[in-house]
Each structure stands twice: as structure tokens, then as C-alpha cells.
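Listed here are the chains, written in short residue letters.
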Amino acid sequence: MNHERSSLLFQQAKAAIPGGVNSPVRAFKSVGADPLFIKKASGSHIYDEDGNTFIDYVGSWGPMIVGHCHPDIIIAVQDTMTSGASFGAPTERETVLANLVIDAVPSIEMVRMVSSGTEATMSAIRLARGCTGRDKIIKFSGCYHGHSDSLLVKAGSGAATFGVPDSPGVPADFAKHTLTAEFNSLESVSALISTNKDAIACIIVEPVAGNMGTVPPREGFLEGLRDICTNEGIILIFDEVMSGFRVSYGGAQELYGVTPDMTTLGKIIGGGLPVGAFGGKREIMEKLSPSGGVYQAGTLSGNPLAMSAGIATLNILKQPGFYKTLEEKSRAVAEGIANAAKKAGYPIYSTRVGSMFCAFFSKSEVYDWPSASQCDTKAFASYFLGMLDEGVYLAPSQFETAFVSATHTSIDIDKTIEAAAKCFKMIA
Ligand SMILES: *Cc1c(COP(=O)(O)O)cnc(C)c1O
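Owing to the predicted nature of the structure, the values given are computational and were not obtained by experimental measurement. (Residues numbered from 1 in each chain as written. Predicted model: local features only at pLDDT ≥ 70, side-chain atom pairs only at ≥ 80, totals over all residues. Heavy atoms only, no water.)

### With respect to the packing of helix H13 (residues 377-389) against helix H14 (residues 410-427)
Operational definition: Fitted lines through C-alpha atoms give the axes, limited to the stretch in contact for helices. The angle between two N-to-C directions lies from 0 to 180 degrees. Only DSSP runs of H or I with at least four residues qualify as helices, and only runs of E with at least two residues qualify as strands; both kinds are numbered from the N terminus onward. Angle categories are assigned with fixed cut-offs, so that under 35 degrees is roughly parallel, over 145 is roughly antiparallel, 65 to 115 is roughly perpendicular, and the rest are oblique. Take the far helix as the reference: if the near one is turned anticlockwise from it by less than a right angle, the crossing is left-handed, and if turned clockwise, right-handed. Only heavy atoms matter for contacts: two residues are in contact if any of them lie within 4.5 Å across the pair. Here the nonpolar group is Ala, Val, Leu, Ile, Met, Phe, Trp, Tyr, Cys and Pro; Asp, Glu, Lys and Arg are the charged ones; every other residue, Gly included, is treated as polar.
As a packed pair, H13 and H14 sit with axes 9 Å apart at the nearest point and diverge in direction by 135 degrees. Considering the angle they form, H13 stands oblique to H14. The interaxial crossing formed by H13 with H14 has right-handed handedness. Of H14, the residues touching H13 (which contributes Ala379, Ser382, Tyr383, Gly386 and Met387) are Thr416, Ala419, Ala420, Cys423, Phe424, Met426 and Ile427. Class assignment of the residues belonging to the contact of H13 with H14 gives a composition of nine nonpolar, three polar and no charged.

This is the structure we're talking about:
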């Protein structure tokens, strides 16, 4: 497969843009290749600048659940554009999307729109701190909540009581307010709480962890977090930027029947345009400026084009049977890949929740960051490059989720499984 033009464009980009990309994982660094430059997409397929075609399981990292270039979304955005791209004043569309979100997500009684998932989590945490008068927060290692200072932190080894920044430029004085527990371990949470009594404002968690591969919550984990937060006066935040409208219409909270105090959203609710949102109980959300004192703002928040794309997307997702069909396709492809690996004598650990799935290059169960980090990332890189060569576009890292869209056909799925069978044979 020829990647000449992509490589040329990458060289040019590197002179103008740090690392040649506007978000690091796009650079293909962890698989040791140059990124493909994408020209266009349609349905389940993307097309690169060299004229190659791929079945797309990245879906812009989650938003494209109805497939690329859905006609309803194109029409909605085109119509809106002709009456003005942005006013910096209220529009009716913002209330329409707010009500769609409120009706869908169990924990959300009021919602504020922002322009990215990062903004949503950052603002939700500020509001949780403002409401409780507490400074510390708990997150889980391996969970990603965007790149704001307090959230670019993981644990040191053992039960960390002080956060260590993941990036230069994050002051240790900020990071020390971020405590890190292990995903699926209520014990690790209780230990942090007992040494930080009445000091923790919120616990933020991806209810289905999707940024260390796909790691489902073990039975009782989310329920346990709910109980701990209720007992300790801690605000429970589900970061559903990825899982919201993905694992079911009401998100992971609907799927597992556990209701947090606040929820952050993004990705799908923007239909491919830049959107984030955070919402929750009325008494919490009313503390937000201008009805309350916790400040938060955005020039392009509630942008008309983004609201139109979001409304059109949610109206497609609401159609009867949407998630059932998507579930069946997703099961077929995830199971097909796992079976192909088994047949090749190279068993993987396969996970899936709804249309999020992951092939972990591990022979044992993956349930948290330490177990995920044991995966054979070298073998994954060979698999990734092999799949690319076969016309299947996966995320270029072991620690990412694959996304299925409504436009993936059984032909796409059969091709994907055949490609995987070839690649596993090559690796085994
Ligand atoms: C993608 C993601 C974010 C960050 O959203 P951006 O729009 O990239 O800022 C936050 N949390 C989760 C769970 C995500 O998957």
C-alpha cells in the first residue's frame, strides 16, 4: 500500500505544527509509523490522500456513531450555516439540545454546553469544588478526562497520597490535590478517603473505561462508588464523554442503573463538531454563573452549527432499534476477531461494551491500568500495521477503544475478521 503523499504531507506539517499533528495520538508514534492524512470519509469508510480506502473503527475517536456524512446531519449543518455561524447570544437550538440530553441521561436535570470534553470535565470539577468547599479530587489511573492541569495526573506506585504530574508544565502544587485510585478497586478508594477525611470534593470516573483500551466496570464497582459518595458527601461525576449515547442512549448510567450527581458529555453530542457538556442535579447546576457564583464561560459555547449537528445526531439515535442493531454488529466483529486470534494460536483478551471494543494483547484478564499495561504493545503494533495494510483503520495504540457505527455492514465485518485472521497468523 502506497503512503507517499501522506508521508510528504506529514513532513510539511511537521515544519508548521508541533509533531505535525494537532493532538498527539494522531502521530502514530506508539506503532512506529507515519500517520495517514485523510481526504474524506463516508459511512463506515475513510479515504486517505494516496487513494487508499479503509474500514474505519476510529470514528473520529467516538463521535461518528451514525457513520460519516449522514445526510440528516449534513442538511442540518448546511441549513444553520446559511443563517449565521455564531452570534454569541442565546438561540432556541441550545434549549432543544439541552432538553434532548435531559430526557436521555438519568442524572441530568440541567446542562451547560461547552466546546470540548476537556472543558466539560474541568468545569464540572470546579463546580464540585465550589459546591463542597473542598479541594481534593479522586480519579483512577488509566482513566483520561482531557488535558486540564488537575487531570493530567496518575498515581505513583502504591497507594499515592500525593499526585505526581504526568506532564512538564503542571505545577506539583496543583497535582497534589489529585488523588489516584485503581479502577475496579473500591478498597483503593476507601483507603484514600480514610486518610483525607472531609477533604474530597468529587470522584471522577469513566464508568466504562475507554482510554486504556476498553475496560468494563466489575459488578458492584459503580454501585460501591455511589454508596461511598453518598455517605461521605462527595460528588460523584461520571465522565461519559466517550460512553454517553454510545453504550446506550442514556449512557453507562442507564446501562448499569447507577446515577451519579454530575455527568460530563462530548464526542457524540456534537455529531463530529466540537461540543462538550456537563450537567447534573438542579441544586448543583444552579451554583453555576450567572445563576450562582462558580464562574464558567465560552465565546463559542452552544455554537449553532454544533447544536444542529448534535440535535440531528440524537434524533437518529432515538429511532427504535438503533442500539439493538449496533449491539449485534459490534458483537459480531469483536467475537470474530477474538475467534480469529484463538484459531491462529494467539489468544487475546477481548472486551466489549455496546459498540466499544478492544483486543488486548494479553493472555490474562484486563481490569485496571496495571493489568492493561502488561499487554504486548510490540505485537499490537505489528497487528495494527498488518490491519492497516489489509484496509482496516484501527486506533494506533493498544490503549484505545475501537468504535462500531451504524453504517458498518456485514461485508465490512467479514472483511475485518478475515484481515484479523491473517494478521494473527503472521504474529503467532
Ligand atoms: C475524549 C475524552 C475526553 C476529552 O474530550 P476532548 O473533546 O478531547 O477534550 C474526556 N473524557 C473522556 C472519557 C474522553 O474519552
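### Quick notes on the sheet that holds strand S14 (residues 356-360)
To keep things clear, this is the line we draw: Two strands form a pair only when DSSP identifies at least two bridges running between them.
In space, the three strands of this open sheet follow the order S13-S14-S16, with antiparallel pairing throughout. Each edge of the sheet is formed by a strand with only one pairing partner; in this case those strands are strand S13 (349-353) and strand S16 (402-403). Each of S13 and S14 is contacted by helix H11 (residues 322-343), which is oriented at about 175 degrees to S13, the strand it contacts most.

### Notes on the packing of H11 against H14
Between H11 and H14, the least distance of the axes is 8 Å, while the angle of their chain directions is 20 degrees. Here H11 lies roughly parallel to H14, going by the angle between them. Crossing of H11 against H14: the hand is right-handed. Along its contact with H11, which presents Lys329, Ala332, Val333, Gly336, Ile337, Ala340 and Ala341, the element H14 presents Ile413, Thr416, Ile417, Ala420, Ala421 and Phe424. A per-class count over the contact of H11 with H14 returns 10 nonpolar, two polar and one charged.

### Quick word on the nonpolar core
The criterion, for reference: What makes a nonpolar core is a set of buried Ala, Val, Leu, Ile, Met, Phe, Trp, Tyr and Cys residues whose side-chain atoms join them at distances within 4.5 Å. When accessible area is computed with a 1.4 Å probe and restricted to protein chains, residues below 20% of their type maximum are described as buried, those above 50% as exposed, and intermediate ones as partly exposed. What marks off one domain from the next here is an automatic or database domain assignment.
Grouped together as the largest cluster of nonpolar side chains are 72 residues, with contacts concentrated most on Tyr57, Val101, Phe245, Leu317, Tyr383 and Phe424. No fewer than three residues from each of domain 1 (4-69 + 321-427) and domain 2 (71-317) sit in this core. Excluding its chain neighbours within four sequence positions, the residues that come into contact with phenylalanine 245 are Ile65, Val101, Ala104, Val105, Gly251, Leu265, Ile268, Ile269, Leu314, Leu317 and Tyr323. Counting 30 residues, the second-largest nonpolar core is a separate cluster that includes Leu192, Cys229, Cys358 and Phe399.

### Side note on the layout of surface pockets
A probe as big as a water molecule, rolled over the atoms, marks out the empty space that is left. Let me state the cut-off plainly: Residues are called lining when one of their atoms sits within 4 Å of a cavity or pocket point, these points coming from a 1 Å grid over the protein atoms alone, where a cavity is a set in which a 1.4 Å probe fits but cannot get out and a pocket is an open set with protein on both sides within 12 Å along at least five of seven lines. Grid points are joined across faces, edges and corners, and a volume is the space filled by probe spheres set on the points.
If you add up the space inside the second largest pocket, you get close to 430 Å³. If you trace the second largest pocket, you find 21 residues lining it, with Glu94, Arg112, Met113, Ser301 and Gly302 closest to the centre. Of all the elements in the fold, those that place two or more residues in the lining of the second largest pocket are helix H3 (92-104) and strand S4 (110-114). Its residues assigned to classes, the lining of the second largest pocket comprises nine nonpolar, 10 polar and two charged.

### Some points on empty space enclosed by the protein
The final tally for this structure, using the stated rule, is two cavities of 30 Å³ or more. Taken as a whole, the largest cavity spans an internal volume of roughly 130 Å³. Taken together, 13 residues line the largest cavity, and the ones lying closest to its centre are Ala359, Phe380, Leu394, Glu400 and Ala402. Sorting the residues of the lining of the largest cavity by element identifies S14 and H13 as the ones contributing at least two each.

### Structural notes on the domain arrangement of the protein
A common way to express how large an interface is: the accessible area buried when the components associate. Threshold: Summed over both partners, the accessible surface that disappears when two parts come together, traced with a 1.4 Å probe, is what is meant by buried area. Take a side-chain nitrogen of Lys or Arg and a carboxyl oxygen of Asp or Glu: if they are within 4 Å of each other, that pair is a salt bridge. Here a polar contact means two N or O atoms within 3.5 Å. Within protein one must be a hydrogen donor candidate and the other an acceptor candidate, and residues neighboring in sequence count only if both atoms are side-chain atoms.
When cut into domains, the protein gives domain 1 (4-69 + 321-427) and domain 2 (71-317). Each of domain 1 and domain 2 has a C-alpha centre, and the two are 25 Å apart. Contact with domain 1, which involves 29 residues of that partner, is made by 33 residues of domain 2. Summed over both sides, the interface of domain 1 with domain 2 buries roughly 2500 Å², with 64% coming from carbon and sulfur. Among the ionic pairs, arginine 218 bridges to glutamate 365, the shortest N-O distance being 3.2 Å. On the surface where domain 1 and domain 2 come into contact, there are 12 residue pairs in polar contact (both at pLDDT 80 or more).

### Quick look at H13
In plain terms, the rule: Between the first and last residue of a helix there are one fewer steps than residues, each counted as 1.5 Å, and that sum is the expected span.
The terminal C-alpha atoms of H13, which comprises 13 residues, lie 18 Å apart, in line with the 18 Å expected from a rise of 1.5 Å per residue. Looking at H13, one finds that the buried residues are Ala379, Phe380, Ala381, Tyr383, Phe384, Gly386, Met387 and Leu388. Looking at the buried side of H13, the elements it contacts are strand S3 (53-56), H11, strand S15 (392-393) and H14.

### Considering the side chain of serine 248
Within the secondary structure, serine 248 sits in the loop between strand S10 (235-239) and helix H8 (251-256). Once residues lying within four places of it in the same chain are set aside, the contact partners of serine 248 are Glu254, Leu255 and Tyr323.

### A word on the site of the ligand
Cut-off, in case you're wondering: Whether a residue is near a molecule or strand depends on its heavy atoms: it is near if one of them lies within 4 Å of it.
Around the ligand lies a shell formed by Ser116, Gly117, Thr118, Tyr144, His145, Gly146, Glu206, Asn211, Asp239, Val241, Met242 and Lys267. A distance of 2.6 Å separates an oxygen atom of the ligand from a polar atom in the side chain of threonine 118. Between the ligand and the protein, one listed contact pairs a nitrogen atom with a backbone N or O atom of tyrosine 144 at 3.3 Å. The class makeup of the residues in the shell around the ligand is three nonpolar, six polar and three charged.

### Considerations on the sheet that holds S15
One key point about sheets: their strands pair by backbone hydrogen bonds, in either a parallel or an antiparallel sense. Spatially, S1-S2-S3-S15 is the arrangement adopted by the four strands of the open sheet, whose pairing is mixed. The open sheet terminates on both sides in strands that have one partner only, identified here as strand S1 (38-42) and S15. When strand S2 (residues 45-48) meets S3, the two strands line up antiparallel, connected through three bridges. The partner of tyrosine 47 across the bridge, within S3, is threonine 53. With respect to the sheet, H14 is in contact with S2, S3 and S15, its orientation differing from that of S3 by roughly 100 degrees.

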